[in-house]
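Each chain is listed here by its residues.
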Amino acid sequence: MSRPLIRIKDLSIHFPLGRRLIGQPPVLKAVDGINLDIPKGSFVGLVGESGSGKTTLGRAILRAAPITHGSITYDDGQRTFDVANIKPRDLKEYRRRAQLIFQDPYAALSPRMTVRDIIAEPLEVMGLTKSRAETDERVREIAGKCRLNLEHLRRYPHAFSGGQRQRISIARALVTGPKFVVADEAVAALDVSIQADILNLLKSLQRDLDLTFLFISHDLSVVAHVCDFVAVMYHGKMMEQAPTRQLFADPQHEYTKCLLSAIPSLDPDDRRPARIYNPEETA
Amino acid sequence: MSAPLIDVDNLTIRFRTDEGLITAVENVSFDIAPGEVLGLVGESGSGKSVTAKSLMRLNSGNAEYDDTSRITLNVPGEPSLDVLSLKRERDMKPVRGGAISMIFQEPMASFAPAITIGDQMVEQLLLHTDMNKKRAKEISIEMLDRVGIKEPAKRFDQYAFEFSGGMRQRAMIAMALSTKPKLLIADEPTTALDVTIQAQIIDLMKDLVSEFGMGILFITHDLGVIAQTADRVAVMYLGRIMETGAVRDVIRRPAHPYTQGLINALPKLDDLDAPLTPIPGDIPSPLERPSGCVFHTRNPNHVPGSRYEREVPPMTEVSPGHFAALFPEDVPALQEPVR
Ligand SMILES: Nc1ncnc2c1ncn2[C@@H]1O[C@H](COP(=O)(O)OP(=O)(O)OP(=O)(O)O)[C@@H](O)[C@H]1O
Ligand SMILES: Nc1ncnc2c1ncn2[C@@H]1O[C@H](COP(=O)(O)OP(=O)(O)OP(=O)(O)O)[C@@H](O)[C@H]1O
Ligand SMILES: [Mg+2]
Ligand SMILES: [Mg+2]
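Conventions used here
- Residues numbered from 1 in each chain as written.
- Chains lettered and ligands numbered in written order.
- Predicted model: local features only at pLDDT ≥ 70, side-chain atom pairs only at ≥ 80, totals over all residues.
- Heavy atoms only, no water.
- Phe/Tyr/Trp six-rings, centres within 6.5 Å; stacked < 30°, edge-to-face > 60°.
- Lys NZ or Arg CZ within 6 Å of the ring centre and 35° of its normal.
- Pairing = 2+ DSSP bridges.
- Helix = DSSP H or I, 4+ residues; strand = E, 2+ residues; numbered from the N terminus.
- Axes fitted to C-alpha atoms, helices over the stretch in contact; angles between N-to-C directions.
- Contact = heavy atoms within 4.5 Å.
- Buried < 20%, exposed > 50% of the residue type's maximum accessible area, 1.4 Å probe, protein only.
- Polar contact = N/O pair within 3.5 Å; in protein donor to acceptor, adjacent residues only side chain to side chain.

This part covers the packing of aromatic side chains. Applying the stated criterion across every chain, the model contains 13 aromatic pairs over all chains. One aromatic cluster in this structure is built from Phe43(A), Phe213(A) and Phe215(A). The ring of Phe163(B) carries the charged tip of Arg155(B) above its face, separated from the ring centre by 5.5 Å. Above the plane of the ring of Phe327(B) lies Arg307(B), whose end atom (NZ or CZ) is 3.7 Å from the centre.

Further remarks concern the sheet that holds strand E2 (residues 27-38) of chain A. Residues and elements named next belong to chain A. Ordered in space as E2-E1-E4-E5, the four strands form an open sheet in which the pairing is antiparallel. At either end of the open sheet lies a strand with only one pairing partner, and these are E2 and strand E5 (80-82). This sheet shows a mean twist of 20 degrees between the axes of neighbouring strands, independent of strand direction. Packed onto the sheet, helix H1 (residues 54-61) meets strand E1 (6-16), E2 and strand E4 (69-75) and runs at close to 120 degrees relative to E1. Running over the sheet, helix H2 (residues 88-97) touches E4 and E5 and is turned about 110 degrees from E5.

Tracing the sequence through the fold places Thr229(B) in helix H7 (residues 223-229). Of the residues examined, Thr229(B) reaches a relative accessible area of 7% and is grouped as buried. A distance of 2.7 Å separates the side chain of Thr229(B) from the backbone oxygen of Val225(B), its partner in a polar contact. In contact with Thr229(B), other than residues within four places in its own chain, are Arg271(A), Val37(B), Ile202(B), Lys206(B) and Phe218(B).

Residue and element names in this part refer to chain A. Relative to E2, E1 is paired through nine bridges, and the arrangement is antiparallel. Note on E2: the bridge partner recorded for Ile-13 is Val-31. The pairing of E1 with E4 spans five bridges and is classified as antiparallel. Note that in E4 the partner of Arg-7 across the bridge is Thr-73.

Everything listed here is a matter of coordinates, which is why it stays silent on function.
Shown next as structure tokens:
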């Protein structure tokens, strides 16, 4: 097998929990000794209860959370980065290649900028284009791929629905031509009818633009549909990683079993109480 | 049959705004019996929260109720109450935290930041029951325990900011249930929670329904949650009910193209290869409500020029107790469920 796009080895991220005068200050182990490979071109789901460290892990890969211990390596065949030790002059190049799609399409977009300016901003901030004409060209191209038309580009975000706003956020994340994208609860705030549209869009962009996704979500049915591979976290630790079908058909870890049992079934006659995870019992 | 706990008849709510009059809810009717759970589903902006708040008269001052709208509360053993005719604040006490309790969509907004969670729970009980302070504290701690908050006696003395999102939501539920309301309105009570805690809260609410015979109006946009909790369901779109009936009938044999669209858009675990089919188009702005059937602009089966563009379809019976906003010729023939 070829080398993964992202290789995470023994990664820990600790946050200080207040101060203490004597001895080691207490820490919160948000990420605790995680190993994970993200193959090139894959759609990897990251699930686990609230506070389990999913966002922190995603942010660490984007170099937006402090790495306490361990390593993250990025290798797209053209460039390699040791994420914990990226030199300041290489940071721009890394940010161009690794991007984030925000959760909340309502909060993420500045109300005073036109859609064109919102999508163009990363290009301008990173100085990736040489002229306004070139910027416009890139914006139009990615907007088209995200099914936004020229009319949309002139307007302000408040005039858009939730689904359209999320398409704007996606276009903005993809305008720099990244290879790797973290989508953190990218469809959580959307209605199901629109969620389906955004998920289909992400999948087609993955194919057309040869993207690799880390898809963070607490909706397991969504993860089952769009991801090739799923990683399950609990209290900062990795519980289980498996190809999607295998994980849903035959979960190995007790925590994964409990998590799957809690998915509300669409069958009104299938009303079983969920299993409750009790680490002491199974440890 | 005894009178329903709450009877909503022909409810129409408009808001006066700078941009004009917005119709948020139009000709909505439903009722809930004691011990019954009615699910209310629909996309964002369909009028679910506005409908729910009207039962407690909590909509803002720019809300106008139509003259023909009626909301009747029938608490067993008490005279029935015409909710929309209440004029003075003090007359509204029975519908605000007495017979009716509400779990709000935004849990942070539901607790005052500078008063401990416990004091707020006790205050609620003193206001709406004849308990003394000591008993109110005992009941509050017991309720915190029942919603799965560990060390409830300690948590009782903490402030909202010291709780995680999921804990705040559970404390909100504990507070709403502590007065033993006859009707609980739960507005998206589990959306901020992860699936495992969501499942625990749903199980708790089901216990309370059977324990106290409480009726619940359960608002969510998650059809899976509805399938797990509700007896009956009403599906709303742009202020109107599109389909209503027993949960089994509506989910297994949806008659309205909107309900069918919602179900087709859902990712299903038992068929991972099924394509996800979005409902085409975007929800129109409430200022540009379509004429006739409000859904016709997004209905993939719509025939241009048909009367759905001009006439509002009636609620037509599909099977006993199952109705859809369709002209009779479009009601699908009753067939065996595919399963
Ligand atoms: N900057 C920070 N400082 C201190 N603690 C933090 C910080 N960021 C995250 N944490 C803590 O790290 C833990 C993991 O948080 P994280 O946001 O990664 O969880 P999550 O799995 O994304 O949860 P959710 O599903 O609720 O989004 C939590 O206990 C959180 O409070
Ligand atoms: N105070 C108000 N003034 C003007 N319009 C309002 C007011 N409150 C609600 N509306 C409008 O009424 C409509 C219905 O809103 P409501 O909050 O009931 O939707 P909802 O179905 O609860 O949606 P969500 O799923 O997003 O919570 C919306 O178009 C909303 O903008
Ligand atoms: Mg997160
Ligand atoms: Mg609402």
